Amino acid sequence: MQILQALILRTIKYGETSLIANSYTKEYGYQSYILKGIRRNKNKRGLSRALFQPTNILEIVAKKYPNNKLGYLTEARLGYHYQLMQYDYQKKTVVLFLFELLYQLLREEGVNAQLYDYITQSLKWYDKSNNTNGFYLKFLLEMTKHLGYLPDLSNHDAPYFDFEKALFSHQLPKGKYLEGQDKDRWSYFLGTSFDDLDMRDFSPSERMDMLGNIFDYYGHHFLEFKIPCSLRMLDEVLVE
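The rules behind these values
- Residues numbered from 1 in each chain as written.
- Predicted model: local features only at pLDDT ≥ 70, side-chain atom pairs only at ≥ 80, totals over all residues.
- Heavy atoms only, no water.
- Helix = DSSP H or I, 4+ residues; strand = E, 2+ residues; numbered from the N terminus.
- Rg over C-alpha atoms; globule rule 2.2 N^0.38 Å.
- Contact = heavy atoms within 4.5 Å.
- Areas by Shrake-Rupley, 256 points an atom, 1.4 Å probe, with all protein chains shown as cover.
- Lys, Arg positive; Asp, Glu negative; His and termini not counted.
- Charge placed at Lys NZ, Arg CZ, Asp CG, Glu CD.
- Phe/Tyr/Trp six-rings, centres within 6.5 Å; stacked < 30°, edge-to-face > 60°.
- Lys NZ or Arg CZ within 6 Å of the ring centre and 35° of its normal.
- Pairing = 2+ DSSP bridges.
- Axes fitted to C-alpha atoms, helices over the stretch in contact; angles between N-to-C directions.

Caption draft 1: Spotlight on the overall build of the protein chain. Across its full length, the protein chain holds six helices and eight strands. When the helices and strands of the protein chain are read in sequence order from the N terminus, they spell out β-β-β-β-β-α-α-α-β-β-β-α-α-α. Here the protein chain has a C-alpha radius of gyration of 19 Å; the compact-globule value for 240 residues is 18 Å, and the two agree. Dimensions of the protein chain, computed from C-alpha atoms along their principal axes, come out at roughly 65 × 35 × 25 Å. Partitioning the contacts of the protein chain with sequence separation of at least 6, the portion at a separation of at least 24 is 61%. For the protein chain, the accessible surface area stands at approximately 12600 Å², while carbon and sulfur atoms represent 47% of it. Taken together, the 30 basic and 29 acidic charged side chains of the protein chain have centroids lying 13 Å from each other.

Caption draft 2: A look at the packing of aromatic side chains. Tallying each qualifying case throughout the model produces 24 aromatic pairs. Ring geometry for phenylalanine 135 and phenylalanine 139: centres 5.8 Å apart, planes at 40°, overall tilted. Of this pair, phenylalanine 135 and phenylalanine 139 both sit in helix α3 (residues 135–147), four residues apart, roughly one helical turn. Each member of the aromatic cluster is reached from another via a ring pair, and the members are Phe97, Tyr136, Tyr149, Phe161, Phe163, Phe168, Trp186, Phe215, Tyr217, Tyr218 and Phe225. Sitting over the face of the ring of tyrosine 126, lysine 91 holds its NZ or CZ atom 5.1 Å from the ring centroid.

Caption draft 3: Geometry of the sheet that holds strand β6 (residues 160–162). Pairing within the open sheet is antiparallel, and its three strands lie in the order β7-β6-β8. The strands lining the two open edges of the sheet, one partner per strand, are β7 (167–169) and β8 (177–179). Taking each pair of neighbouring strands and ignoring which way they run, the sheet shows an average axis angle of 30°. Here β6 pairs with β7 via three bridges, running antiparallel. Paired with tyrosine 160 across the two strands is serine 169, which belongs to β7. Strands β6, β7 and β8 of the sheet are contacted by helix α4 (residues 180–191), whose axis makes an angle of about 100° with β8.

Right under this line is the structure:
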């Protein structure tokens, strides 16, 4: 047994009184744990159900289990206390949307400590920041760096972005590509930092167009990618 850093991606009911927690750990990658009796008013193991809400960053005591085998953990505590996010419905909705995506993207991901650090550091930044314009777009584009298909930013002034080759091009691509305002937004979000996201203000429709392009890009490089069910809720919350 050792102390692990874990992101809770999803929980599902198991039997009458238990839960299964799907997590992504810094030390072992994707892991699932059965939490026996945790839905009882008083459970013998002393673990709080509230700890295992999706989006929580935890420190847990557990060991490594083979792929697709349910494990057990003996202790759990919050590794980070969200501050603004717990009172901000928009931020909560954005992060829940991202975690639905993370669940499908990380299920086959092995140990990737840099990816884990990127996700947790980004969440902490978002939690404390007053700037919420386009965070989820920048987050998803930066994720591609850690998943192995980061777009090449050289030649970013070229008129086209080629999805297949993941680069900007002066030649008209044969497959899926971006041009015009779509390409300009793509270049902007790739080239800016989280702290500078407020330098340009995009309308809700522009952000949703950009998100659609990101979905297309993920689908091009991640064969089992599916549009998250929470997209509609995100759309409703971000229309201001």
